[in-house]
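The residues making up each chain are set out below.
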Amino acid sequence: MNELQLLTWVRGPGLDFAVGIFLLGVVWRLFEIYSLGRKKDLSAPRHTSGASGWHTVFRRSLPPPGMLKRSPVSYIGGYLFHIGLAVIVFGFAPHILLIKSLSGLSWPGLPSQFVDLAAVVTMAAMLVVLFDRINKPVKRFLSTFEDWFTWTVTFLPVLTGWMAVQHLLLPYTTMLALHILSVEILLVVLPFSKLFHAFTLFGSRWYNGRVNGHKGVPV
Amino acid sequence: MQGPLIDTLVRQGVSRRTFLKYCATLASMMALPPTAGLAMAEAMAASRRPSVIWLPFQECTGCTESITRSHSPTIEGMIFDMISLDYQETLMAAAGFQAEEALHNAMKDNYGKYLLIVDGSIPLGVDGAYSCIAGRSNLDLLKEAAKGAAAIVAMGSCASFGGIPKANPNPTGAVSVSDVIKDKPIVNIPGCPPIPVVMTGVLAHYLTFGKLPELDDKGRPKAFYGETIHDRCYRRPFYDQGKFAKTFDDEGARNGWCLFELGCKGPVTHNACATTKWNGGTSWPVESGHGCLGCSEPDFWDAGGFYKALSMPADPLKIAAAAAVVGAGAGVAVSFANRAKKSAAKAAHETTTLADLEK
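First, a word on scope: everything that follows refers to the structure included in this document. Along each chain, residue indices are assigned from 1 in the same order as the chain's sequence is written. Throughout, the order in which chains and ligands are written sets their labels, letters from A for the former and numbers from 1 for the latter. Two thresholds apply to this predicted model, a pLDDT of at least 70 for residue-level local features and 80 or more for giving and counting side-chain atom pairs, whereas whole-chain, interface and lining totals are computed over all residues.

A run of DSSP states H or I qualifies as a helix once it reaches four residues; a run of E qualifies as a strand once it reaches two. Both are numbered from the N-terminal end. The secondary structure content of chain A amounts to eleven helices and zero strands. Counting helices and strands in the order they occur from the N terminus, chain A gives α-α-α-α-α-α-α-α-α-α-α. Using C-beta atoms placed from the backbone, we call a residue buried if 20 or more other C-beta atoms fall within 10 Å of its own, exposed if 12 or fewer do, and partly exposed for counts in between. The buried share of chain A, taken over its 219 residues, is 27%. For chain A, the proportion of contacts with a sequence separation of at least 24, taken over those separated by at least 6, is 75%. Placing C-beta atoms from the backbone, we regard two residues as in contact once those atoms come within 7 Å.

On to the overall build of chain B. The helix and strand inventory of chain B stands at 17 helices and nine strands. Residues classed as buried in chain B amount to 42% of the 359 residues present. A separation threshold of at least 6 residues defines the contact pool for chain B, and within that pool the share at least 24 residues apart is 71%.

Turning to the nonpolar core, a few remarks are in order. Counting residues in each nonpolar core, the largest one holds 111 residues, and the members touching the most others are B:Ile53, B:Leu116, B:Val118 and B:Ile152. Sequence-distant contacts of B:Ile152, that is, excluding residues within four places in its chain, are made with B:Leu116, B:Val118, B:Ala146, B:Val177, B:Ile181, B:Lys184 and B:Ile186. If you look at the next biggest cluster of nonpolar residues, it comprises seven residues, including A:Ala118, A:Ala119, A:Val158 and A:Trp162. Definition of nonpolar core: a set of buried Ala, Val, Leu, Ile, Met, Phe, Trp, Tyr and Cys residues joined via C-beta atoms within 7 Å.

Another aspect to go through is helix α2 (residues 16–29) of chain B. All names here are of chain B. Taking 1.5 Å as the rise per residue, α2 with 14 residues should run 20 Å; its terminal C-alpha atoms sit 20 Å apart, in good agreement. Here α2 has its buried residues at Phe19, Tyr22, Cys23, Leu26 and Ala27. Down the axis of α2, the sector holding all buried residues measures 135 degrees, keeping them to one side. Two residues or fewer past α2, Ala31 is found with a positive phi of approximately 60 degrees. The span you would expect from a helix comes to 1.5 Å times its residue count less one. An arc is given here, and it is the one of the directions from the helix axis to the C-beta atoms.

Next up on the list: the interface of chain A and chain B. Contact with chain A, which involves 32 residues of that partner, is made by 33 residues of chain B. At the level of secondary structure, the elements contributing two or more residues to the side of chain A that touches chain B comprise α1 (3–11), α2 (13–35), α6 (93–103) and α10 (172–189) of chain A. Residue contributions to the side of chain A that touches chain B peak at 14 residues, all from α2(A). Charged residues are taken to be Asp, Glu, Lys and Arg, nonpolar residues to be Ala, Val, Leu, Ile, Met, Phe, Trp, Tyr, Cys and Pro, and polar residues to be all remaining types, Gly included. Of the residues in the side of chain A that touches chain B, the class split is 19 nonpolar, ten polar and three charged.

As a further point, take unusual backbone geometry. Residue and element names in this part refer to chain B. With omega at 5 degrees, the peptide bond leading from Asn168 into Pro169 counts as cis. With respect to the helices and strands, Pro169 occurs in the loop between α8 (156–161) and β8 (174–175). Positive phi, normally seen in glycine, also occurs at Val126, with a value near 45 degrees. Among the structural elements, Val126 can be located in the loop between β4 (122–123) and β5 (132–133). With 10 C-beta atoms packed within 10 Å, Val126 lands in the exposed category. Backbone geometry places Asn170, a non-glycine residue, at a positive phi of 50 degrees. Relative to the helices and strands, Asn170 resides in the loop between α8 and β8. The class for Asn170 is partly exposed, based on 17 C-beta atoms found within 10 Å.

Moving on to the packing of α2(A) against α10(A). How two helices pack is summed up by the angle between their axes together with the distance between the axes. Residue and element names in this part refer to chain A. Contact geometry for α2 and α10: axes closest at 8 Å, N-to-C directions at 20 degrees. One element, α2, and the other, α10, form an angle in the roughly parallel class. α2 and α10 meet at a crossing whose hand is left-handed. On the side of α2, the interface is formed by Gly14, Leu15, Ala18, Val19, Ile21 and Phe22, while α10 contributes Ile180, Leu181, Glu184, Leu187 and Val188. Angles here are taken between N-to-C directions and fall from 0 to 180 degrees, while the axes themselves are lines fitted to C-alpha atoms, restricted in helices to the stretch in contact. Should an angle lie under 35 degrees it is considered roughly parallel, over 145 roughly antiparallel, and from 65 to 115 roughly perpendicular; all remaining angles are considered oblique. Two helices cross in a left-handed way if the nearer one is turned anticlockwise from the farther one by less than a right angle. They cross in a right-handed way if the turn is clockwise.

Once that is clear, we can look at the sheet that holds strand β2 (residues 84–87) of chain B. All names here are of chain B. One bridge is not enough; two strands pair if DSSP finds at least two bridges between them. With respect to topology, five strands assemble into an open sheet ordered β2-β1-β3-β7-β9, the strand pairing being parallel. With one partner strand each, in any of the chains shown, β2 and β9 (186–189) form the two edges of the open sheet. Across the sheet, the axes of successive neighbouring strands diverge by a mean angle of 25 degrees, strand direction being ignored. Direction of pairing for strand β1 (residues 51–56) relative to strand β3 (residues 114–119): parallel, over a ladder of five bridges. Bridge pairing in β3 places Leu55 opposite Val118. Its contacts with the sheet place helix α6 (residues 96–109) against β1, β2 and β3, and it is angled at close to 125 degrees to β2.

Looking now at helix α7 (residues 112–135) of chain A. In this model α7(A) runs 34 Å from its N-terminal to its C-terminal C-alpha over 24 residues, within 8% of the 34 Å that 1.5 Å per residue would give. Those residues of α7(A) hidden inside the fold are in contact with α5 (72–91) and α9 (145–166) of chain A.

A few words on the environment of A:Trp107. The topology assignment puts A:Trp107 in the loop between α6 and α7. Under the C-beta neighbour-count criterion, A:Trp107 is labelled exposed, with 10 such atoms within 10 Å.

Shown next, in the form of C-alpha cells:
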C-alpha cells in the first residue's frame, strides 16, 4: 500500500468504519447508561441554597477552595489542553470545511498561526500533565492501562495534524493520512473508554448535584 | 536508415549547436552536472539508433498521441524519429503479417539489446482474452518480448500501475508491467498521458550512460518525479496565504487562487507538469484553471473523487444511519438485559425475618 492508497483508504472506507463505530458506540452507551435508572429516594428533600443539579454542572468546572494551590498542574494543564483541543477542532479552517461538508454548518475560522500556537500549547500541556501523572506516586498508582492509552489516542491526532501542517518528518500525504488515521482510532476508542466523559460529563454532574441537593449538601 | 545519429540529424537540417543545446537542456532538466550535456551529446550523436519495440496493450493510444503530436515540430519529435522504432502499431506503415514480421525480426536481430516500451495494462482475466494482438494475449506477448529486452519502459499510468483499466472493479483483471516482469530493469513513466520530455529524457539518459536513471520507490525517474505538483506549483503562495477558489467561476478562480478546495491532488502527486508544462511549455492543467487529477500516482482513478478536496472525506456518513440504528438496538437490548438482571436479583432476594435471625 502506497501513501496515496493509505490516504484514500483512511478518507474512504476507514472513515466510514470509524464514524460508524463511533455513532454505534455513542448511541449504545447513552441508551445503556440512561436506561439503568435509579431507585427513588423516599426521604423528604432538604433545601439549601446553591445545592442543585444545575449549580453543580457549573461549579465542578471551578477548582474547590485551596485545590488550585495543591494541584496546579491538574487544573491549569487540564484547562489548557481542553480549551486548546476545542480551539484546534473547531477553529482550524480545514476542520470547519469538513464539518461544513458533513452538516452544512460553518463559521469563520481562526488564523492558522493562532491555531498553530494552540496546538503547541495543547501538546505542551498534555505532556506536562502526563509527566505529572508519572511523577506523582499517588497518581501513578491510581493509573491503569486505560489512562495511558486514552492519553495517547488523544495526543496523536494533535501531534500528527501539527506535523502535517508544518511538513515535519514525513511527506504531507503520509502525515495527512496518519493524522486522519489517528482521529479514526480516537473515534473508535472514545465511546468505549473514559473518553466518553465528553458525552456523560454534564449528565453525571447534574445527577450528582441533584442527589446532593436532595440531601441539602451543596457540593 | 542505420548509422550514427548525428548524420541523420544533419541530413534533417539540425545543426550541431542546436543538438548540443537540446542535450544541455535535457541534462539540466534531469539535474545532471553541466558536463553531462556534452557527454550526452557525444554519446547520442555517435550511437547507432537503438532498436525500440513499442507494444500497445490495454490502452487508449493517448500516450502515443501525446508523444507524437504535442511535440512533433520540436527537436524532441526528431530525436524520437531517430530511434529505430521497429514496431509501433499506430505509427508504422506495415500492418498484419508484415507488422508481425517486423516485430519478430527486430526481436531476433537485437536480442538482448533492444528497448521495450509498453503502454497499456495487461489483462489477466479469462486467460488474458480481453486484449489480444495477432491472436495472442498481451500477457504472452509481453513475456516473449521482455525476454530479449535490455530494459523496459512502462509508458503511462496503465503500464506503470494498471491505470484506468485497473480501476475498481477491474473487470479485466488488469495489472502493470512490473506485476508480470520481475527480472528486467523497468522504468515507470506514469501519467495519463505522460509528459513527452520525460520520455525523451529517459531515452537520452539510457543512450548516454547505458543504464536507466535513478528511480524512486515506485520505479519513476527521480529527476522528473522527485517533487510534488504542489511543491512546484505557481499557485502555491495562495495556498500558503489561505486564498482558495471555492467554485470554478468565482472571484478566487478568476484571480488564479489555489484550487485545493476544488479537489486538486497536487499535494500528493509526483510529476513534472508544474516545471515542464505541456504543449511545448504553453500551459498545464492547473494553469488552465483545473486542479491536478493525480494521474501519475497509482490508482488515481479510485482516490476519492476528482472534485473533493484532499482534506475532505470521500463519503463518511455512508453507514452512519445504519450504525446509529444498530447502536440504538444494542443499547436497548443491553438495557433490557440489565433490567432483567435487576428484576431477577429482586425476585431472588430473600427477606430476612426476625424468626430467621433467632434460629
